[in-house]
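Report on the structure
One letter stands for each residue in the lines below.
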Amino acid sequence: MSTQRRATLRIQGTVQGVSYRESARHEALRLGLSGWVRNRSDGSVEATVEGEPGALEDFIRWCHSGPRMARVTDVARSDAGATGEFRTFTVERTS
């Protein structure tokens with residue numbers, strides 16, 4: 001039985017044009033997580049991430065501040081069981 005979890009995040013604030021997605025990818029890979037991150041047309045950033053619960057929580061904590069130039073105002077989160085569909089963590093096209 002897998003202990004892996006999934007979180008879908010919606011990060012709002014000054015999060016586009018500040019290397020948020022690439023920084024999130026580096027942080028996720030450092031923590032051994034998989035999934036994706038992308039800009040949304042409304043100016044927010046969306047991420048779906050899977051991995052061990054402790055690493056997932058570390059990543060979500062990081063998302064509340066992001067890279068140096070980001071100004072995060074809110075991180076909305078929904079949790080689910082991991083599907084195992086991701087092999088790595090990627091930056092996706094804007095939705």
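Refer to the structure above for everything that follows.
All values derive from a computational prediction rather than experimental measurement.

Looking now at the overall build of the protein chain. When helices and strands are tallied, the protein chain shows two helices and five strands. Relative to the compact-globule value of 12 Å for 95 residues, the protein chain shows a C-alpha radius of gyration of 12 Å, a close match. Expressed as lengths along the three principal axes of its C-alpha atoms, the size of the protein chain is roughly 40 × 25 × 20 Å. For the protein chain, the proportion of contacts with a sequence separation of at least 24, taken over those separated by at least 6, is 80%. On the protein chain, roughly 5300 Å² of surface is accessible, and the fraction owed to carbon and sulfur atoms is 45%.

Within helix H2 (residues 53-63) the residues assigned to the buried category are Ala55, Leu56, Phe59, Ile60, Trp62 and Cys63. The arc that holds every buried residue of H2, seen down its axis, measures 155°, which confines them to one face. Where H2 is buried, its residues meet strand S1 (5-14), helix H1 (20-30), strand S3 (45-51), strand S4 (71-81) and strand S5 (89-91).

Criteria and thresholds
- Residues numbered from 1 in each chain as written.
- Predicted model: local features only at pLDDT ≥ 70, side-chain atom pairs only at ≥ 80, totals over all residues.
- Heavy atoms only, no water.
- Helix = DSSP H or I, 4+ residues; strand = E, 2+ residues; numbered from the N terminus.
- Rg over C-alpha atoms; globule rule 2.2 N^0.38 Å.
- Contact = heavy atoms within 4.5 Å.
- Areas by Shrake-Rupley, 256 points an atom, 1.4 Å probe, with all protein chains shown as cover.
- Buried < 20%, exposed > 50% of the residue type's maximum accessible area, 1.4 Å probe, protein only.
- Arc of directions from axis to C-beta.

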